[in-house]
There are 2 protein chains.
Amino acid sequence: MFDFKIHSTEGAARRGKFSTPHGEVQTPAFMPVGTLGTVKGLIMDEVSALGAEMVLANTYHLYLRPGHELVHDLGGLHEFMRWDGPILTDSGGYQVFSLAKIRDLYEDRVEFQSHIDGSKHEFTPESVVDIQRTLGADVIMALDECPPAGADHSYVSVSNIRTIKWLERCRARFQELEERGESPQQTLFPVLQGNIYDDLRREHARQFMEIEDWTGYGIGGLSVGESKDDMWRVLELLHDELPMNRPRYLMGVGYPDDLLEAVARGCDLFDCVAPTRNARHGAAWTSQEGQVNLKMARFREDTRPLDTECDCYTCSCYDRAYLRHLVVASEWLAVRLLSIHNLRFLTALSEESRRRIDEGTFRSWSQEWLERYRGSGAQLTDHI
Amino acid sequence: MFDFKIHSTEGAARRGKFSTPHGEVQTPAFMPVGTLGTVKGLIMDEVSALGAEMVLANTYHLYLRPGHELVHDLGGLHEFMRWDGPILTDSGGYQVFSLAKIRDLYEDRVEFQSHIDGSKHEFTPESVVDIQRTLGADVIMALDECPPAGADHSYVSVSNIRTIKWLERCRARFQELEERGESPQQTLFPVLQGNIYDDLRREHARQFMEIEDWTGYGIGGLSVGESKDDMWRVLELLHDELPMNRPRYLMGVGYPDDLLEAVARGCDLFDCVAPTRNARHGAAWTSQEGQVNLKMARFREDTRPLDTECDCYTCSCYDRAYLRHLVVASEWLAVRLLSIHNLRFLTALSEESRRRIDEGTFRSWSQEWLERYRGSGAQLTDHI
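The shown structure was predicted, so the numbers you read here are calculated from the model rather than taken from an experiment.

Caption draft 1: Examining the sheet that holds strand E2 (residues 13–20) of chain B more closely. Residues and elements named next belong to chain B. If you trace the three strands from one edge of the open sheet to the other, you get E1-E2-E3, paired in antiparallel fashion. The sheet terminates laterally at strand E1 (3–10) and strand E3 (23–27), the two strands that pair on one side only. Averaged over neighbouring strand pairs, the angle between their axes works out to 10° when direction is ignored. Note: E1 against E2, seven bridges, orientation antiparallel. Following the sheet pairing, Thr 9 is matched in E2 by Arg 14.

Caption draft 2: Main features of the sheet that holds strand E8 (residues 110–113) of chain A. Residues and elements named next belong to chain A. Ordered by their spatial adjacency, three strands build an open sheet running E7-E8-E9, and the pairing between neighbours is antiparallel. Edge positions in the sheet fall to strand E7 (103–105) and strand E9 (120–123), since each of these pairs with one other strand and no more. Going across the sheet, the axis of each strand differs from the next one's by a mean of 15°, ignoring polarity. Note: E8 against E9, four bridges, orientation antiparallel. Bridge pairing links Phe 112 to His 121 in E9.

Caption draft 3: Expanded view of the interface of chain B and chain A. Chain B puts 38 residues into the contact, and the matching count from chain A is 38 residues. At the boundary of chain B with chain A, total buried surface from both sides reaches about 3400 Å², with 60% on carbon and sulfur atoms. In this assembly, chain B and chain A are joined by six salt bridges. The closest approach of N and O atoms between Arg 82 of chain B and Asp 319 of chain A, which form a salt bridge, is 3.4 Å. For the interface between chain B and chain A, the tally reads 14 residue pairs in polar contact (both at pLDDT 80 or more). Residue assignment for the side of chain B that touches chain A shows that the elements contributing at least two residues are helix H1 (44–49), helix H4 (77–81), helix H12 (313–317), helix H13 (320–328) and helix H14 (332–359) of chain B. Grouping the constituent residues of the side of chain B that touches chain A by class yields 22 nonpolar, five polar and 11 charged.

Caption draft 4: Up close: the pattern of salt bridges. All chains considered together, the criterion is met by 84 salt bridges over all chains. The residue Arg 374 of chain A makes a salt bridge to Glu 261 of chain A at a minimum N-O spacing of 3.0 Å. On the criterion of sequence distance, the pair formed by Arg 374 of chain A in helix H15 (residues 362–374) and Glu 261 of chain A in helix H10 (residues 256–264) is long-range, its members being 113 residues apart. Here Glu 46 of chain B makes a salt bridge to Arg 336 of chain B, at a shortest N to O gap of 2.9 Å. Here the residue Glu 46 of chain B occupies a position in helix H1, and Arg 336 of chain B occupies one in helix H14, the gap between them amounting to 290 residues. Judged by its relative accessible area of 4%, Arg 336 of chain B is buried.

Caption draft 5: Seen up close, the nonpolar core. If you look at the biggest cluster of nonpolar residues, it comprises 203 residues, and the most contacted ones within it are Leu 77 of chain A together with Leu 77 of chain B. Leu 77 of chain B has contacts with Ala 57, Leu 62, Val 71, Ile 87, Thr 89, Leu 135 and Ala 137 of chain B, leaving out every residue within four places of it along the chain. Phe 4, Val 25, Val 33 and Leu 88 of chain A belong to the second largest nonpolar core, which has 17 residues in total.

Caption draft 6: Representation of the packing of aromatic side chains within the structure. One pass over the structure, following the stated rule, counts 28 aromatic pairs over all chains. Look at Tyr 60 of chain A and Phe 112 of chain A: their rings are 5.7 Å apart centre to centre, the planes differ by 45°, and that puts the pair in the tilted class. In this pair, Tyr 60 of chain A sits in helix H2 (residues 59–64) while Phe 112 of chain A sits in strand E8, placing the two residues 52 residues apart along the sequence. What makes Phe 112 of chain A buried here is its relative accessible area of 2%. The structure contains a cluster of three or more aromatic residues connected by ring pairs, namely Tyr 255, Trp 285, Phe 345, Trp 369 and Tyr 373 of chain A. Its end group placed over the ring of Tyr 106 of chain B, Arg 109 of chain B keeps NZ or CZ at 4.1 Å from the ring centre.

Caption draft 7: Representation of the relation of the copies chain B and chain A in the model. For these two chains of identical sequence, chain B goes onto chain A by a turn of 180° and a shift of 0.0 Å along the axis, with RMSD 0.0 Å. What the rotation and shift describe, once combined, is the action of a two-fold rotation axis. Residue by residue, 100% of the interface of chain B is reproduced at the interface of chain A, so both copies engage with the same surface.

Caption draft 8: Region of the structure containing the domain arrangement of chain A. Residues and elements named next belong to chain A. Per the domain assignment, the segments of chain A are domain 1 (3–272) and domain 2 (279–382). The centre of domain 1, based on its C-alpha atoms, is set 27 Å off from the matching centre of domain 2. Facing the 30 residues of domain 1 at the interface are 29 residues of domain 2. At the boundary of domain 1 with domain 2, total buried surface from both sides reaches about 2400 Å², with 67% on carbon and sulfur atoms. Among the residues domain 1 hides against domain 2, the three largest losses belong to Glu 10, Leu 50 and Leu 260. Together they make up 28% of the total.

Caption draft 9: Expanded view of the pairing of strand E3 (residues 23–27) of chain A. Residue and element names in this part refer to chain A. Relative to E3, strand E2 (residues 13–20) is paired through five bridges, and the arrangement is antiparallel. Across the sheet, Thr 20 pairs through a bridge with Gly 23, a residue of E3. Following E2, the chain reverses through two residues before pairing antiparallel with E3.

Scoring rules and cut-offs
- Residues numbered from 1 in each chain as written.
- Chains lettered and ligands numbered in written order.
- Predicted model: local features only at pLDDT ≥ 70, side-chain atom pairs only at ≥ 80, totals over all residues.
- Heavy atoms only, no water.
- Pairing = 2+ DSSP bridges.
- Helix = DSSP H or I, 4+ residues; strand = E, 2+ residues; numbered from the N terminus.
- Axes fitted to C-alpha atoms, helices over the stretch in contact; angles between N-to-C directions.
- Contact = heavy atoms within 4.5 Å.
- Buried area = accessible area lost by both parts, 1.4 Å probe.
- Salt bridge = Lys/Arg side-chain N within 4 Å of Asp/Glu carboxyl O.
- Polar contact = N/O pair within 3.5 Å; in protein donor to acceptor, adjacent residues only side chain to side chain.
- Nonpolar A, V, L, I, M, F, W, Y, C, P; charged D, E, K, R; others polar.
- Buried < 20%, exposed > 50% of the residue type's maximum accessible area, 1.4 Å probe, protein only.
- Core = buried A, V, L, I, M, F, W, Y, C linked by side-chain atoms within 4.5 Å.
- Phe/Tyr/Trp six-rings, centres within 6.5 Å; stacked < 30°, edge-to-face > 60°.
- Lys NZ or Arg CZ within 6 Å of the ring centre and 35° of its normal.
- Least-squares fit on C-alpha atoms with pLDDT ≥ 70 in both.
- Domains from an automatic or database assignment.

Right, here's the structure in full:
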């Protein structure tokens, strides 16, 4: 039921098709984040109209609210979210480390307190597989530890060993459940770690590949605060290590320019909360001016669309002056309209990347695009 | 350009058609409130799909943000809001008394400090007409003072005189602007006051009618905290006083049961923020159970639509369990989906009222409807 076919390549960039039990995903693809079973403020018809084919939901959040068992009882994650396309759930590990109030990391588990009510919980490699099986996404992720940016080599080395052990336990549990045959059709992606250390990155990738010929690979531990140069170097290294015919999901990326840079280095799937989080702060991406913040006085009487090159609903129907008014007045419609635009910005960028890779013009187009986007000047001023 | 035709009546209830330069409004009609030029969180296509034909915007809010001059420069209120149907703006007086930090009421004006930044402003009868002309709604409202519930007879008596004086000044200014001929086609509604005092209500209505044969009448000073019996008695009294062939706009009403009671007493137009405000608190109206709050644990696994009799998008696509999850998790989609439902609840109730008045079955239907709605028991428990 899971399959990845590469249609064309240009350098490391790949234009592929990832097949899942809930449909196909043309790659490179950006996956909107539906944290709690909803892409903040949008209905799924709108998400679909953005050109998104696959979405992400967060295990940590759904485990706490409303509970994975309830999601299951209500028909499973697809029915719960009203999304019959492919869904990926993360393991919850990243949120435990970034959101939970207190967490204790042990060799065999992680204990944490809910960020909502302080209640105590633990995740084990087995339990996150169980939870994700119960939720019922198409792609589920193995539990990993993601060392912070700046973690030293020896810490990351030890952490990598634990992540491998956890991966083997996740896999054993997943196989056990698969053999029972009662669960939804799913596949398990491992999460590659190793921080910015080339030797550890290479070692981790090779160890993973020895365990199994995975359906796909999560690339974790990037875009967590390291330099862009480090991120690109690690991606180039992984491109050489990982099998060509498996999708690579670069977790938590990203901003438009990062997405293009990562596509150029062979990544296929992306997710990031920046489109909706930026929208909440009045920030929007534009092809001509980079990231702009609509609070700026210069938009007060600006009757142009947010981005003249964008085909989203927001850019078709509204001008900057009205959007600025909504942002300044803290109106919810601002968040909704800017979310639509920012999400479309990334899905459109993915679409154009696919077209360009097919054409063999990705490299020249993306370089030109990045120069225009980064050279706009507006980016620095308005960056939130 | 303005015209009101009564198609049929049943008792005091009237089924009419209010014609404006931006189209017709079938009455009785509920007008969604677009405070700042947006019906909280919704796009105007959604508002239109609810069956709403006329919307309201708030002069006080738009005067402060983004400023009426800017709205005018951006094409006027219709273009600004992306709503080409009829719009009504209030005078701003009510918000000055309810929202502004400090306000000083004088014979000739009201001074106030912005609730946003404390800046000082004043409204005069002339200035609120000027502002509303600049905004460009179809129906604009005269400046009035709305004494609070519990105001004594002598206070209301004095206040009524001031409101009459202000009305005459509003009218003079409106005529002056009309004669210049440069402004949009608009009409000015006066606002009847008199609190719960029958003699003052009757006197005010008669004084208004002596001034002019107004295009329509705003009924103010009700639903501000007085008893329901007082409200119904005043409406019955006004029904006898006011001309049959003019629309009556009952300001700030209301909840579903209040709307039906007021239709039964001859009111034609309504507005209220309750549909969207309730939505923000997780509260929704249902025909079978009255007002319910979705936070209640009993909805946790409830896979029924919010209201099986409702044809809104929310009830067509979502169940109570998912809506409860969104409400409990404070997701913005909850507010949007409940706003759609609550607004549709009132527009559908208006539609059904019109059909029933035409049929001559309004009285029996509305009594049965009210008994079911009020007798549900859920109303008290869940009332926010």
